[in-house]
Amino acid sequence: KAGVTQTPRYLIKTRGQQVTLSCSPISGHRSVSWYQQTPGQGLQFLFEYFSETQRNKGNFPGRFSGRQFSNSRSEMNVSTLELGDSALYLCASSDSRGAQETQYFGPGTRLLVL
Amino acid sequence: DQQVKQNSPSLSVQEGRISILNCDYTNSMFDYFLWYKKYPAEGPTFLISISSIKDKNEDGRFTVFLNKSAKHLSLHIVPSQPGDSAVYFCAASAIRSGGGADGLTFGKGTHLIIQP
């Protein structure tokens, strides 16, 4: 099976702009989670989507949003970008058959906000 | 408040010897624990996991031990190989009453360096 794919891999934006990142999960996986990795805060959970619904949410402002499509692909949007949003954004998928799920990560999208 | 802690930012081990990476947690609701390996500019790669109902899980060179009473887990790599040099993250999750699990809570990582 192909792994989790994320596009684009690299992105440069300026403050105030918005950005949309895309994630395609492993075939058959219905749950998609998003994480932000920064040097200071480490890896932090943003939100999780399952069956096109946000099922769980981390502690991030409303500028961070997402959605999931019927084919389980997911997009994450960040509006009104701030310098502190510069980070590696990681998407992970799981088959969500049980509560104890292993999440498999994509390569990430490196976002630089200038 | 860090719920998952990896207190050693880095660890240097000779090739062929055992690498032991440690992780402590504070949230007693965590019931599933995972170890990931990460290279720079790549996503984390899943290594091994353990459920809270077990105290040991083994997969090839990798063994994870869980001590629930101490809220401590460790990853043993035997024997260590040069390709094991990477950052290792400990992660934990808890069951949600509405289904599925909470998002993974990660430690800050331990940079393992295997010396030839």
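The structure presented is a predicted model; accordingly, all values stated were derived computationally and were not measured.

The rules behind the values
- Throughout this description, residue numbers start from 1 for each chain and increase along the sequence as written.
- Chains and ligands are labelled by the order in which they are written, letters from A for the one and numbers from 1 for the other.
- Only residues with pLDDT of 70 or above have their local features reported here, since the model is predicted, and side-chain atom pairs are shown and tallied only from 80 upward, although totals for entire chains, interfaces and linings are computed over all residues.
- To obtain the side-chain values, all non-hydrogen atoms of the structure were used and water was disregarded.
- Residues are treated as being in contact if the distance between any of their heavy atoms lies within 4.5 Å.
- For any pair of parts, buried area is found by adding up, for both, the accessible area (1.4 Å probe) each one loses once the two are put together.
- Just to be clear on terms, a salt bridge is a Lys or Arg side-chain nitrogen sitting within 4 Å of an Asp or Glu carboxyl oxygen.
- Polar contacts, as used here, are pairs of N or O atoms within 3.5 Å; protein pairs need one atom able to donate a hydrogen and one able to accept it. Residues neighboring in sequence count only if both atoms are side-chain atoms.
- Put simply, DSSP marks the helices as runs of H or I at least four residues long and the strands as runs of E at least two long, and each gets a number from the N terminus on.
- Think of it as three bins: nonpolar holds Ala, Val, Leu, Ile, Met, Phe, Trp, Tyr, Cys and Pro, charged holds Asp, Glu, Lys and Arg, and polar takes everything else, Gly as well.
- Each pair of strands is called paired provided DSSP finds at least two bridges between the two strands.
- Residues qualify for a patch when their relative accessible area is over 30% and they have no salt bridge, like charges being joined within 9 Å and the nonpolar side chains of Val, Leu, Ile, Met, Phe, Trp and Tyr within 5 Å.
- Exposure was quantified through the Shrake-Rupley algorithm and a 1.4 Å probe, taking into account, for residues, occlusion by the shown protein chains and nothing else.
- Residues grouped as a nonpolar core are buried Ala, Val, Leu, Ile, Met, Phe, Trp, Tyr and Cys residues, joined through side-chain atoms within 4.5 Å.
- Between buried and exposed lies partly exposed: a residue is buried under 20% and exposed over 50% of the maximum accessible area for its type, with that area taken using a 1.4 Å probe on protein chains only.
- Two cysteine sulfur atoms make up a disulfide if the distance between them is within 2.5 Å.

**Remarks on the interface of chain B and chain A**
Across the boundary between the two partners, chain B contributes 24 residues, which contact 22 residues of chain A. When the two sides are added together, the surface that chain B and chain A hide from each other amounts to roughly 1,800 Å², 53% of it contributed by carbon and sulfur. Across the chain B-chain A interface, the total number found is 0 salt bridges. For the pair chain B and chain A, the interface holds 6 residue pairs in polar contact (both at pLDDT 80 or more). Among the secondary structure elements, those contributing two or more residues to the side of chain B that touches chain A are β4 (32–38) and β5 (45–51) of chain B. Residues that form the side of chain B that touches chain A fall into these classes: 11 nonpolar, 7 polar and 6 charged.

**Structural notes on the sheet that holds strand β1 (residues 4–5) of chain B**
Residues and elements named next belong to chain B. Taken in spatial order, the 5 strands make up an open sheet running β1-β3-β8-β7-β6, and their pairing is antiparallel. Bordering the open sheet on either side are β1 and β6 (56–59), each of which pairs with just one other strand. For β1 and strand β3 (residues 19–25), the ladder comprises 2 bridges, and the chain directions are antiparallel. Residue Lys5 lies in a different strand from β3, and its bridge partner there is Asp24.

**Here's the deal with a nonpolar patch on the surface**
A surface patch of nonpolar side chains, about 300 Å² in accessible area, is lined by Ile12, Leu112 and Leu114 of chain A. The topology assignment puts Leu112 of chain A in strand β11 (residues 109–113).

**Points about the nonpolar core**
Counting residues in hydrophobic clusters, the biggest one holds 24 residues, and the most contacted among them are Phe33, Trp35, Leu73, Leu75 and Tyr88 of chain B. Among the elements of the structure, β3, β4, β5, β7 (62–67), β8 (72–77), β9 (86–93) and β11 (110–115) of chain B are those that each provide at least two residues to this core. Here this core takes 4 residues from β9 of chain B, the largest share from any one element. Contact partners of Leu73 of chain B, with chain neighbours within four places excluded, come to Leu21, Asn22, Cys23, Tyr25, Phe33, Trp35, Val64, Phe65, Leu66 and Cys90 of chain B. Leu11, Phe60, Leu81 and Val113 of chain A belong to the second largest nonpolar core, which has 21 residues in total.

**Re the state of the cysteines**
Covalently bonding the sulfur atom of one cysteine to the sulfur atom of another cysteine gives a disulfide. Residue and element names in this part refer to chain A. Applying the stated criterion across every chain, the model contains 2 disulfides over all chains. Here Cys23 engages in a disulfide with Cys91; their sulfurs sit 1.7 Å apart. Between Cys23 and Cys91, the disulfide has an S-S torsion of -55° and is therefore left-handed. One end of the pair, Cys23, is in strand β3 (residues 19–24); the other, Cys91, is in strand β9 (residues 87–94), with 68 residues separating them in the sequence. We note that Cys23, like Cys91, is buried.

**Focus: the environment of Asp95 of chain A**
All names here are of chain A. With respect to the helices and strands, Asp95 occurs in the loop between β9 and β10 (104–105). As a C-alpha pair, Asp95 and Val32 span 63 residues in sequence and 9.0 Å in three-dimensional space. Leaving out residues up to four positions away in the same chain, Asp95 has contacts with His29 and Arg30.

**Brief notes about unusual backbone geometry**
In this structure, Pro8 of chain A follows Thr7 of chain A across a cis peptide bond, with omega equal to -10°. For Pro8 of chain A, the position within the fold is in the loop between β1 (5–7) and β2 (10–13). With an omega of -15°, the peptide bond running from Val78 of chain B to Pro79 of chain B counts as cis. Residue placement: Pro79 of chain B occurs in the loop between β8 and β9. A positive phi angle is found at Ser51 of chain A, which is not glycine, with a value near 50°. Among the structural elements, Ser51 of chain A can be located in the loop between β5 (42–50) and β6 (53–57). Positive phi values are uncommon outside glycine, yet Glu52 of chain A reaches one of about 65°. Along the chain, Glu52 of chain A falls in the loop between β5 and β6. Residue classification places Glu52 of chain A among the partly exposed positions, given a relative accessible area of 47%.

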